[in-house]
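Each chain, written out:
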Amino acid sequence: MERQAKQVRILHLNEWDRLERRLFRLKQGYELQFRLGPSLQGKDINVQTNYPADAEAFDRHHFRLLEWQDTAGGDDSDRFCNINLQMSGSFQFYVSHGNNQKISTGFIVVDPILHVGHSNHILPLDCICAQTFLSKCLGPLDEWEDRLNVARQSGYNMIHFTPLQTLGLSRSCYSLADQLELNPDFSRPNKTQTWSDIARLVEKLKKEWNMLCITDVVYNHTAANSGWLKKHPECSYNILNSPHLKPAWLLDRALWHLTCDVAKGKYQNRGLPAKIENGDHIDSLRTIIWDEIYPKLRLWEFYQVDVDKIVNDFRDALQHGEKKKCDSKQPLKIIQDPEFKRHGCVVNMSVLLKQFVPRGNRPDEIEECCSSVRKKLQELNMEHQQDVHWHQEQAVNCTMGTLSYERLVDYGPRLGPVTEKNPLVTRYFTYDFEELPLEQEEPMMYQPEKAVYFMAHNGWVMGDDPLRNFADPGSNVYLRRELICWGDSVKLRYGKKPEDCPYLWAHMQKYTEITAKIFYGVRLDNCHSTPIRVAEYMLDTARRIRPNLYVVAELFTGSEEMDNVFVTKLGISSLIREAMSAKDSHEEGRLVYRFGGLPVGSFAQPSVKPLVPKIAHALFMDVTHDNESLIECRSVYDALPSAAIVSMACCASGSTMGYDYLVPHQISVVSEERRYPKYSPNTRPEYAGELNQASGIIAGKNAINKLHRELGANAFFQVYVDQVDEDIVAVTRHCPNNHNSVVAVSRTAFRDPATSFYKSDLPSMCIPGKIEEIVMEANTVVREAQPYKKDAYSINGLPNYTVHIMEHIQLKDSKIAKADITSKDRNEFMYEIKFDNFPPGSIIIFRVGLDPKAQETVGLLRHHLIQFSPHFQPGSIPDLNAPPPLTKIFTYVASGITLADLNLLLYRCDFEEQEDGGGCYSIENIGPLKYAGLQGFISVLADIRPRNDLGHPLCENLRAGDWMMDYISNRLIGRGGKLEEIGHWFAAMFTFLKSLPRYLIPCYFDAILVGAYTTLVDITWDEMSSFVQNGSTFVKQLALSSLQMCGVGRLPSLPKLSGCIEGVPTRPNYITGEEEQCCVSLAAGLPHFSAGLFRCWGRDTFISLRGLMLVTGRHLEARNIILAFACTLRHGLIPNLLGNGVCARYNCRDAVWWWLHCIQDYCAEVTSGVKILKCPVSRLYPTDDSPPRELGAADQPLYDIIQEVMQRHMEGVQFRERNAGPHMDPHMKDEGFNVSVGVDIETGFVIGGQRYNCGTWMDKMGESDIAQNKGTPATPRDGSAVEIVGLSKSTIRWLADLHAKSLFPYSGVKRRQDGTEVLVTYEEWDAKISQNFEKNFFVSEDPDDPFERFPHLVHKRNIYKDSCGASSPWCDYQLRPNFPIAMVVAPELFDPEKAWKALKIAEEKLLGPLGLKTLDPDDQVYCGFYDNSFDNGDFNISRGFNYHQGPEWLWPLGYFLRAKLHFSKLISSTLYEETVYLVKNILSHHYDYLEKSPWKGLPELTNENGAYCPFSCETQAWSIATILDVLYEL
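J.: Can you break down the sheet that holds strand S4 (residues 45-49) residue by residue, with the values?
T.: The 5 strands are arranged S2-S8-S7-S4-S5 in an open sheet whose pairing can be described as mixed. Each having just a single partner strand, strand S2 (25-26) and strand S5 (64-65) make up the two edges of the open sheet. Where helix H13 (residues 560-570) meets the sheet, its contacts fall on strand S7 (89-97) and strand S8 (102-110), and the angle it forms with S8 comes to roughly 75°.

Right under this line is the structure:
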């Protein structure tokens, strides 16, 4: 049995996501995982859902908390909570902070699983072929099977019935008199049919005919004559419970009386006859309404106040001295009378008294004030009168528009004379009382026993907000006559919950239960106007009875986003879409592409992937029952080709009964009373009541529907639409499992061929592959029959058209097309199809496969891909004669590969590759890839794959030739060893690939690379530490970066290690063949510091070594790097720029201390790590002045080298760099080449540097002649730099401890004091630093701090100085990100409370999205944007002078976060927990960057606030390493 990988979809949650209007569609059996996006990681986030727990029933209002699953990585990148989806419907989730503050909410829609047949086999949604029947036209129930058999014989597998309930007086299918009773039309005098009889028929169709039945549910309205509505008028919008409708009711009655007068000819002499025939009549009616109707109605009075009454009340209040408190800013406005009586509105008397104050209490003064009030009230009344005037204008315009449509235009119903049956306009309200003059009817509005029966009709409003109820208070739709009204139905008033109208909710719930017990699905009629709360409630009821309910709807919201509101909240399975909406064949083809399927040749998708929004699943219909016949809008000849185009869509398809047998008019849901024909195989055209395969296009539709079901069932889910010419559309459905295709070519006939020109010279088209058969070819033809005459009893179609069809024929037998094989290159057939006889109304459908050889090749290739994914099992063929490289699975082939080889296999940037004489693969319109190894290709494919961007230049390159495949395999084969084996494996796999049709190469190329890459990555992690192996995705991805940075070039970058050391890797020299050492070296950053002399930097190497090598478990390689740099010691320093050891520059003061700290870390992290102290070091420079020595000439144990460093610093070192001058550094002044380091005896601090050089990591030297900063260090940091003090303190403490444990032979260092040599023990030195650190570095809150040497330079307190003793004292006080480094390496130097205050200031001032600002933004020379090319004369920024004066560097952030973690833990557990949250949140940005970066690394720096810096290394060793350090701490 085929293995299926579990499908997992991941929804990343972020703070500002608006998910409620996005559609997330899923299938049962999927797992949905919620994961935290960058904005939420590290926060106390809850996810709650109303998806029920196992064994619980669904309750829309019951939410449960999902439990987070944590990983061992320490960060939140893999933290998830999940739902295993086992039921269909709509389910909500919401995301909140721990305090239950909602952040966002969204919905998921889970598709139902439908079953048919005795065996209950699954009917996929994409296999649905539905046909709509007007139930009332089926006749008595005992005749239904004969009529429904038409659908069966036409290939449909779903029947959609309009409502089967008792109809109202209008006989509209959707105006139901009783929702609980079966339509009596289905019974006979001697046999009453019941719902049970309907249920038996539905079950029979399901089991015996393999057809499911669905029906409409109508929740919005009921027939005006519904008996239950008379008993429960509260269920309607009537003018008793909705008094805001009173003015609209009065206008409606006035228009009715006008109808009666017009019908009687009363306005004949005013230019308005009963038969309205032209625009003049319309204008006359407009004048009559304005001149007679509106003035008589005085509708504005319902919105006005009684001026006299209010003035009198105001006068009384003044005379009695009333004073009422109110808000003086509150405006005076009319307050609407809730009962809508004429002049019943009021104003706030308190506001009136506040705003109108008489000058005195004399009567004349009071009257003067009352006059002002009267004037103000009249103004307010006039404003409302103007508002009503605008409503009346709209009402007239809408009335005139309706009249024009119904009586004048050609495409309208042309109703004829005005009568009471066909009034001027449809009545908006029911009126079941005696007709009286209008002035006598108006008082009825205020008589509850009558007003309750003046009920509002339902309808729809063009362009209205579908989420707004147009009958609720606040809406003026009825007054403005904007409703396109259904005069037979009353709009139902549910309220917001069942308690608001108990009878209505209960009645409709029973209706829903009856429906759900019988039918397998429902169509939500008038869905966009159905209150969502009502639809949710009713569908919940239905799904309790039928869990896999198929729900369809047709929406007219005008926007996909608004559609999604209904689809997501209601769990709509399919939205009805209509091909008739297309204006031409191009648009019809576009709809096919839009409504489903993937592009042909799409990439295989992983089983675990992000959840992305989709469009709603479509039920794509050639025509719906609400719309005009295709024959009226296009031509009879278009029925067949348009049906074929629709059926080729990768979604559900459908039609309406009457389309297939060419009914030439719309079958009206209101007026049609005839019955559908029955199916009779041997009938004749003249029999209007019978149909067979020769009727209309039934034979063609039967074949088309059969094909549609086949394509859906057999995974033909890839789609290509080709517009061959303006009338010909070719749709390809492709199966990616076996690469068979079906190509349907349709020549549409939007215009009648009898009266329109169609060209005879048709373009040819090309079909790749081997045409196996013509599934069918058909065209619409005229046959001998009597002309069409509308039958009185049966709904008959055009009898004189049929389809000439041939099925399953060979290409040579085609009457429509001929073909030439134009290409047979590399097993790729290409047929050029020429159309000989392809008139409008024709279709031809080809079944296409691969050439047999190519078919076999793809089967073999899929067999070899099964090792990576069970997805490739279908269509695979066992390879019994596999080439040798493929006889073993790739995991075995790649086993034993070294991490150094993996660096070459997966990475290596262009500079590294050029060093070997090659380069990264280059693609037109892209340029060179980021890496020569697999990651270079994978990064690009990762962007292509989710979007199936087959037009991407990489895909075009693959289709154009084999260069990319050859590059990958040949690059490895030339390397020998394990890489050669892997290269041959790729070559063998690519041999299959090269034999495939070119359009398939991108997807299989991706599959090969992804499978191999994933395997190699797993092998990499298996070679690393348990921290990596058990870590989060973030940890693992960062750990891969140690492969990026750690490699071996053609020329080894490190000096040779002593021959006495074990575990030193070797290889044959590429020229001499002799064995040479090949230790991995660590690149500082890619691409700028990756190759040659500029690859290895001492400082960068040892800031990075802990994170990239010790934490990841690469201990042996770490040891070799430590010892290699030990070989280069000179002047008590290790080089900054290594230059293979012989071109080294000893111009930095800090690298040696980072080196010593790494030795300390190595001893602590590695089992028996202290053994490294005894490892022999082959000195290149035994003395400061000696030339480079040969290997083994001067070996010393590492502990001697360490001691030399300490001793030389205590003694002090001054030297001038060798080869000093412009040829070494063209920017440095001559004085800058003089290096000095030493120890301040008073404080114990390491000191050094001067104002002409920059010996710490902030080492930017000015380069601009224009700005005159050339030769000036931007940041000399001379004196005692805070991180060097911390590093040296850490080393001294460690050495003292080692000596105490007899692991280090030296107790201290010697210095000369008064001419005498004195021993300074490490313990003494350690204590000296401890005693002096805080008082020299901490800037306290006390302005009178006695230890503060330069109080006038203090501009921030509670911080630690960046240095002590700088030649420019101001620099000591600059806030920079260096003191947290000292906090981590020597935390004992810091008072926890002071440290925390300083860290808080650093967080406030320096923290950016990815890094720390290198300078306080308040500093006058701060500039956060680094541009090394900019040279405008500005001293502070020209030629990148501000490299360390603001841009946000990543690597110090790692130390900042580690310091926060350390000191928060010392202060309190609560503070530590808060800090952990903060750290996780900050790190989430790095994970997000890493995921999106094609380099798969973290940058050297960013500009201000995380902005991208083009001058930064794209991936930097220490950036990655220090973030890994933080994760390791977590």
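Now, onward.
J.: Could you give an account of helix H37 (residues 1392-1406), with specific residues and numbers?
T.: Here H37 spans 20 Å end to end across 15 residues, near enough to the 21 Å set by a 1.5 Å rise per residue. Every buried residue of H37 is listed here: Ala1395, Trp1396, Ala1398, Leu1399, Ile1401, Ala1402, Glu1403 and Leu1406. Buried-residue contacts for H37 involve strand S53 (1359-1360), helix H36 (1379-1385), strand S55 (1412-1413), helix H38 (1451-1467) and helix H39 (1469-1492). Two or three places before Glu1393, at the opening of H37, Asp1391 has a side-chain oxygen 3.1 Å from that residue's backbone nitrogen.

J.: Can you lay out the sheet that holds strand S22 (residues 598-599) for me, pointing to particular residues and giving the numbers?
T.: Taking strand neighbours across the sheet as the criterion, the 7 strands line up as S22-S28-S29-S30-S36-S32-S33 in an open arrangement whose pairing is mixed. Two strands bound the open sheet, and with one partner strand each, they are S22 and strand S33 (801-809). Note: strand S32 (residues 770-782) against strand S36 (residues 842-849), 8 bridges, orientation antiparallel. If you follow Ile774 over to S36, its bridge partner there is Phe846. On the sheet, helix H14 (residues 585-594) packs against S22, strand S28 (718-723) and strand S29 (728-734) and is oriented at approximately 170° with respect to S28.

J.: Go over helix H22 (residues 934-947) with me, naming the residues and quoting the values.
T.: When the terminal C-alpha atoms of H22 are compared, their 20 Å separation across 14 residues agrees well with the 20 Å that a helix rising 1.5 Å per residue should span. Taken as a whole, H22 carries its principal kink of about 30° at Leu941. For H22, the tally of buried residues reaches 10 of 14 residues, placing the bulk of the element in the interior. Three or more residues of H22 are buried, namely Leu934, Gln935, Gly936, Phe937, Ile938, Ser939, Val940, Leu941, Ile944 and Arg945. Lining the buried residues of H22 we find helix H20 (899-906), helix H23 (953-960), helix H24 (963-973), helix H25 (977-994) and helix H26 (1001-1022).

J.: A description of the pattern of salt bridges should follow, citing residues and the corresponding values.
T.: Oppositely charged side chains can form a pair if their charged atoms are brought close together. Going through the model one piece at a time under the given rule, you end up with 108 salt bridges. Lys275 serves as the salt-bridge partner of Glu277, at 3.8 Å between the closest nitrogen and oxygen. In this structure, the salt-bridge partner of Arg362 is Asp364, at a minimum N-O distance of 3.1 Å. Here Asp364 falls in the partly exposed class, since its relative accessible area comes to 46%. Salt bridges sharing partners connect three or more residues here, namely Arg908, Glu913, Asp916, Arg971, Arg975 and Arg1050.

J.: Any chance you could break down the nonpolar core for me, citing the residues and the numbers?
T.: Formed by 219 residues in total, the largest nonpolar core has its most connected members in Phe986, Phe1005, Leu1009, Trp1155, Ile1159 and Leu1198. Residues contacting Trp1155, with those up to four places away along its chain left out, are Phe1102, Ile1122, Phe1125, Ala1126, Ile1134, Leu1198, Ile1201, Ile1202 and Val1205. One finds Cys137, Met455, Val490 and Val567 within the second-largest nonpolar core, a separate group that totals 97 residues.

J.: Give me the lowdown on the state of the cysteines, citing residues and values where you can.
T.: Linking two cysteines covalently via their sulfur atoms produces the bond known as a disulfide. Applying the stated criterion to the full structure yields 0 disulfides. With no disulfide of its own, Cys633 has Cys173 as its nearest cysteine by sulfur position, at a separation of 20 Å.

J.: How would you explain the environment of Ile973 if you had to name every residue and give the values?
T.: By secondary structure assignment, the location of Ile973 is in helix H24. Under the relative-accessibility criterion, Ile973 is labelled partly exposed at 23%. Sequence separation of Ile973 and Trp985 is 12 residues, and the distance between their C-alpha atoms is 9.6 Å. Once residues within four sequence positions are removed from consideration, Ile973 is found in contact with Leu979, Glu980, Gly983, His984 and Ala987.

About the criteria used
Residue indices begin from 1 for each chain and proceed along its sequence in written order. Given that the model is predicted, a residue must reach a pLDDT of at least 70 before its local features are reported, and side-chain atom pairs must reach 80 or more before they are shown or counted; all residues, however, enter totals for whole chains, interfaces and linings. By convention in this description, side-chain values take in all heavy atoms of the structure and omit both hydrogens and water. At least two bridges found by DSSP between two strands is the condition for calling them paired. Here a helix means four or more residues in a row that DSSP labels H or I, a strand means two or more in a row labelled E, and each is numbered from the N terminus. Should any heavy atoms of two residues lie within 4.5 Å, those residues are considered in contact. The axes used here are C-alpha line fits, helices contributing only the stretch in contact, and every angle between their N-to-C directions lies in the interval 0 to 180 degrees. By this rule the span expected of a helix is its residue count minus one, scaled by 1.5 Å. Only protein chains enter the accessibility calculation, which uses a 1.4 Å probe. A residue is then buried if its area is under 20% of the maximum for its type, exposed if over 50%, and partly exposed in between. What qualifies as a polar contact is a pair of N or O atoms within 3.5 Å, subject to a donor-acceptor requirement within protein and to the restriction that residues adjacent in sequence count only when both atoms come from side chains. Axes are fitted to the seven residues ending at a residue and to the seven starting at it; the angle between these axes is taken as the bend at that residue. Whenever Lys or Arg places a side-chain nitrogen within 4 Å of a carboxyl oxygen from Asp or Glu, that contact is recorded as a salt bridge. Here, nonpolar core refers to any group of buried Ala, Val, Leu, Ile, Met, Phe, Trp, Tyr and Cys residues whose side-chain atoms link them within 4.5 Å. Any two cysteine sulfur atoms lying within 2.5 Å of each other are counted as a disulfide.

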